[in-house]
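Descriptive analysis of the structure
Letter by letter, the chains look like this.
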Amino acid sequence: MTKACINHPLLSNPVKWLRNNKYHSPEFYTKSYYDTNSINSNPFAQALTETRMDGSRIRYPKGQMVQIVVDSYQESSSIGTSESSEDKNYFLMPLINKPEQNSALFPSHYILKNQHYIDYIVKTNQWRRYVPQKFRFKNDKVLGAKVNILPDITKTIPHIYERNILKLMPETRTTDYKKGQAQENGLVLTFSGTSNEPAISFDNNLPIINMNRIISNKNEIKSQNGELFVSFDENADLCFNLFSLADYYS
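Calculation notes
- Residues numbered from 1 in each chain as written.
- Predicted model: local features only at pLDDT ≥ 70, side-chain atom pairs only at ≥ 80, totals over all residues.
- Heavy atoms only, no water.
- Core = buried A, V, L, I, M, F, W, Y, C linked by side-chain atoms within 4.5 Å.
- Buried < 20%, exposed > 50% of the residue type's maximum accessible area, 1.4 Å probe, protein only.
- Helix = DSSP H or I, 4+ residues; strand = E, 2+ residues; numbered from the N terminus.
- Domains from an automatic or database assignment.
- Contact = heavy atoms within 4.5 Å.
- Phe/Tyr/Trp six-rings, centres within 6.5 Å; stacked < 30°, edge-to-face > 60°.
- Expected span 1.5 Å × (residues − 1).
- Salt bridge = Lys/Arg side-chain N within 4 Å of Asp/Glu carboxyl O.

Thoughts on the nonpolar core
Core analysis: the biggest nonpolar cluster contains 44 residues, and Leu92, Leu187, Leu189, Met211, Ile214 and Leu242 have the highest contact counts within it. The element that contributes the greatest number of residues to this core is helix 10 (residues 236-249), accounting for 8 residues. Among the domains, domain 1 (65-77 + 85-151) and domain 2 (158-249) are the pair contributing at least three residues each to this core. Residue contacts for leucine 92: discarding those within four places in its chain leaves Ile68, Val69, Val70, Ser108, Trp127, Tyr130, Val131, Val147, Asn148, Ile149, Leu150 and Ile153.

Shown next as structure tokens:
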């Protein structure tokens, strides 16, 4: 069973397979092995299309990672004092949404999008390997800048995803879901689960997100019948954030 999964064409070489239907495994297209339109909007498939290296120099799927950057906080200083790197505090923090224009961020590595893994990295001080080399050389203009990890980074990451979800929910099309009646590709939001149950499960290849496990402010989006169906095609950003938050708590 394990060997069969490893040899699955989508998992064995997802980048080439998804990007080039003319030269790579064309027989899967002609025989309708996959619905390519649904793959293009499927956050689970798109999570496999690129890889990134983390602080341990191991590559993982980009969709299962969070980018880490160094951002600065300027200390208040007296009038007439020139700004220098010693006046700033630098922190490693997650970059999930598109940064604002003219923001001075220093890119670092990516890190696995998992609550327990990040908590372990922070507690064992392994986060130091995510500090960019720019902050390690004495001849750099940020000489003396001390980089720290954002103290509540394990809470900041899910908070950003949850804020995105609450912002996107009113703008999206959702429908009441009855088991076995979904006619399009998407995922189901269920509010009947408990916080002790898995963040994500599957019912005949249909992803089911346990909102009681991942969302703290559930009253704003709660469905009357306890379940909502969200289409991949029409709600790509929402589905990505839902998948990311469920993946973080998995």
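On we go.
Considering the packing of aromatic side chains
Under the criterion given, the structure shown has 5 aromatic pairs. Aromatic rings pair up to connect Phe44, Phe202, Phe232 and Phe243 into one cluster.

With respect to helix 8 (residues 153-168)
Compared with an ideal rise of 1.5 Å per residue, which puts 16 residues at 22 Å, helix 8 spans 23 Å between its outermost C-alpha atoms and is within 8% of the ideal. Within the span of helix 8, buried status applies to Ile153, Thr154, Thr156, Ile157, Pro158, Ile160, Tyr161, Glu162, Asn164, Ile165 and Leu166.

A word on the environment of tyrosine 249
Along the chain, tyrosine 249 turns up in helix 10. A relative accessible area of 16% means that tyrosine 249 is categorised as buried. C-alpha of tyrosine 249 to C-alpha of glutamine 115: the two residues are 134 residues apart in sequence and 6.0 Å apart in space. Setting aside chain neighbours within four positions, we find tyrosine 249 in contact with Gln115, Pro158, Ala199, Arg213 and Ile214.

Description of the side chain of glutamate 162
Structurally, the position occupied by glutamate 162 is in helix 8. Overall, the relative accessible area of 11% leaves glutamate 162 in the buried class. Not counting the four nearest positions on each side in its chain, glutamate 162 is found in contact with Ile214, Ile215, Ser216, Asn217 and Leu245.

Re helix 10
Look at helix 10: 20 Å from first C-alpha to last across 14 residues, which is about the 20 Å you get at 1.5 Å a residue. Burial analysis of helix 10 places 11 of its 14 residues in the buried class, which makes it a mostly covered element.

Here's the deal with the pattern of salt bridges
Summed over the entire model, instances satisfying the criterion amount to 2 salt bridges. With a shortest N-O distance of 3.1 Å, glutamate 50 and arginine 52 are connected by a salt bridge. For glutamate 50, a relative accessible area of 27% translates into the label partly exposed. Between aspartate 119 and lysine 123 there is a salt bridge, with its nearest N and O atoms 3.2 Å apart. Here lysine 123 and aspartate 119 lie together in helix 7 (residues 115-123), a separation of 4 residues that amounts to about one turn.

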